[in-house]
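# A structural walkthrough
Letter by letter, the chains look like this.
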Amino acid sequence: MSLNQYKRIVVLTGAGVSAESGINTFRDKNGLWEKYRLEDVATLAGYKKDPTLVHDFYNKRRSDFCSEDIEPNAAHYALAELEKEFNGEFLLVTQNIDDLHEQAGSKNVIHMHGELLKARCPNTNQVITWMNDMDINDLCHCCQYPSNLRPHIVWFGEMPLGLDIIYHHLSQADLFIAIGTSGTVYPAAGFVEEAKSVGAYSIEVNLEGSEIQSHFDKIQLGKATEIVPRLVSALLPTKSLA
C-alpha cells in the first residue's frame, strides 16, 4: 500500500483518538454520559432550560482541554504528516471538539460536531475564538441587539457542520480511514458506505471492532497511537513514524 495509488483521501477520527491524550470520552465506561444526562447538557432544550448548567459543563471541559497535560499524541502527528506528504486531496473530518489535530499540524480539518474553544452567535452563526469560561452574560458583537453567545458545539438534534464539503470529498475518495469511532452516530457512521459506493478502499482502526466493522475492507485493532503511525509509515515508505 502506497500513497502513489491514491489521489483522494478522507480520514474520520472519533473520541478514541483524543482519549489517548487524556480527554474524557462520552460513551466509554466511566465516560461523561455516566455523570450527566445528555438531555440536560447536550441539547438545545437543555440549554434553554438551564443555560448555567450547560455553560458550567462546557467550562469544565474547556478548562480540562487547556491543561498542560493534554497534548497531541502519536496518532495526531502521524495524520498531520500524512496530509503534509500527500500530493492529492486530503480531508480530515473529526467528531472531536478539541483542537489537538491542529496543534499537531493538520490543516484541512472539519470539526463536524463543533469546537469547544469557540463560541457562536445563535442568530448570525458568527464564530469567535473563546478560551475562557462562558456564562449567560456573554454577548455577541455582530447583532444590533446583542445575543447571548452559546458554545460552538453541535448538540443532539442539530445538523453537523460541513456536511456539503464532507460528502463532496467522500464522493471522490479512493481511500477512507476511520479511526477511534464507535460507528453508532450518524451521519458519520454512514461515511464508509458513501466512500465505498464510489470504489474507495476502507480501513477501520479501533481498540475493538465498531458496530459497522463489517463494512470495512480492512480492520486494524489496537491503540491509535500504535497503529496509525504504522499505517502512515506503510503509506509513506520512506519515513518511519512508529
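The structure contained in this document is the topic of the report that follows.

Procedures and definitions
Residues numbered from 1 in each chain as written. Predicted model: local features only at pLDDT ≥ 70, side-chain atom pairs only at ≥ 80, totals over all residues. Heavy atoms only, no water. Helix = DSSP H or I, 4+ residues; strand = E, 2+ residues; numbered from the N terminus. Buried < 20%, exposed > 50% of the residue type's maximum accessible area, 1.4 Å probe, protein only. Polar contact = N/O pair within 3.5 Å; in protein donor to acceptor, adjacent residues only side chain to side chain. Contact = heavy atoms within 4.5 Å. Pairing = 2+ DSSP bridges. Axes fitted to C-alpha atoms, helices over the stretch in contact; angles between N-to-C directions. Parallel < 35°, antiparallel > 145°, perpendicular 65-115°, else oblique. Left-handed = near helix turned anticlockwise from the far one by under 90°. Nonpolar A, V, L, I, M, F, W, Y, C, P; charged D, E, K, R; others polar. Core = buried A, V, L, I, M, F, W, Y, C linked by side-chain atoms within 4.5 Å.

### Things to note about unusual backbone geometry
At the junction of Y186 and P187, the peptide bond is cis and its omega measures out at 15° in the coordinates. Tracing the sequence through the fold places P187 in the loop between strand 7 (175-179) and helix 8 (191-196). Positive phi, normally seen in glycine, also occurs at N125, with a value near 65°. Residue position: N125 is located in the loop between strand 4 (114-120) and strand 5 (127-129). Assessed through its relative accessible area of 48%, N125 is described here as partly exposed.

### A look at the side chain of N206
Relative to the elements of secondary structure, N206 occurs in strand 8 (residues 201-206). In terms of polar contacts, N206 uses its side chain to reach the backbone carbonyl oxygen of T181, at 2.7 Å. Setting aside its immediate chain neighbours within four residues, N206 contacts G180, T181, Q220, L221 and G222.

### What to know about the sheet that holds strand 8
Read across the open sheet, the six strands follow the order 3-2-1-7-8-9; overall the sheet is parallel. The strands lining the two open edges of the sheet, one partner per strand, are strand 3 (109-111) and strand 9 (218-221). Taking each pair of neighbouring strands and ignoring which way they run, the sheet shows an average axis angle of 15°. Summarising the sheet, strand 1 (residues 8-13) and strand 2 (residues 89-94) pair through six bridges and their orientation is parallel. The partner of L12 across the bridge, within strand 2, is V93. Helix-sheet contacts for helix 5 (residues 74-85) involve strand 1, strand 2 and strand 7, and the interaxial angle to strand 2 is about 155°.

### Description of the sheet that holds strand 5
Each strand in a sheet pairs with its neighbour through backbone hydrogen bonds, running either in the same direction (parallel) or in the opposite one (antiparallel). The strand order 5-4-6 describes an open sheet built from three strands, whose pairing is antiparallel. On the outer flanks of this sheet lie strand 5 and strand 6 (150-153), each paired with one strand and no other. This sheet shows a mean twist of 55° between the axes of neighbouring strands, independent of strand direction. Note: strand 4 against strand 6, three bridges, orientation antiparallel. Bridge assignment links G114 to a residue of strand 6, and that residue is I153. Contacting strand 4 and strand 6, helix 4 (residues 51-65) crosses the sheet at an angle of about 125° to strand 4.

### Remarks on the pairing of strand 2
Counting buried residues in strand 2 gives five out of six residues, a clear majority hidden from the surface. In terms of strand pairing, strand 2 meets strand 3 through three bridges, oriented parallel. Paired with T94 across the bridge in strand 3 is H111.

### Let's talk about the packing of helix 5 against helix 9 (residues 224-235)
Their axes nearest at 7 Å, the elements helix 5 and helix 9 cross at an angle of 20°. By the criterion of interaxial angle, the relationship of helix 5 to helix 9 is roughly parallel. The handedness of the crossing between helix 5 and helix 9 is left-handed. Of the residues in helix 9, those touching helix 5 at A74, A75, A78, L79 and L82 are A224, T225, V228, P229, V232 and L235. The residue makeup of the contact of helix 5 with helix 9, split by class, is ten nonpolar, one polar and no charged.

### Description of the environment of A74
Inspection of the secondary structure puts A74 in helix 5. With relative accessibility at 34%, the residue A74 sits in the partly exposed group. Sequence spacing of A74 and S21 is 53 residues, and the spatial spacing of their C-alpha atoms is 9.3 Å. Contact partners of A74, with chain neighbours within four places excluded, come to T225 and P229.

### With respect to the nonpolar core
Counting residues in hydrophobic clusters, the biggest one holds 24 residues, and the most contacted among them are V11, I179 and V228. At the level of elements, strand 1, helix 5, strand 2, strand 7, strand 8 and helix 9 are the ones that each hand at least two residues to this core. When residues in this core are grouped by element, the largest group, six residues, is from helix 9. Judged by nonpolar contacts, the second largest core, of 20 residues, contains V10, I166, A188 and A189.

Geometry only, nothing functional implied.
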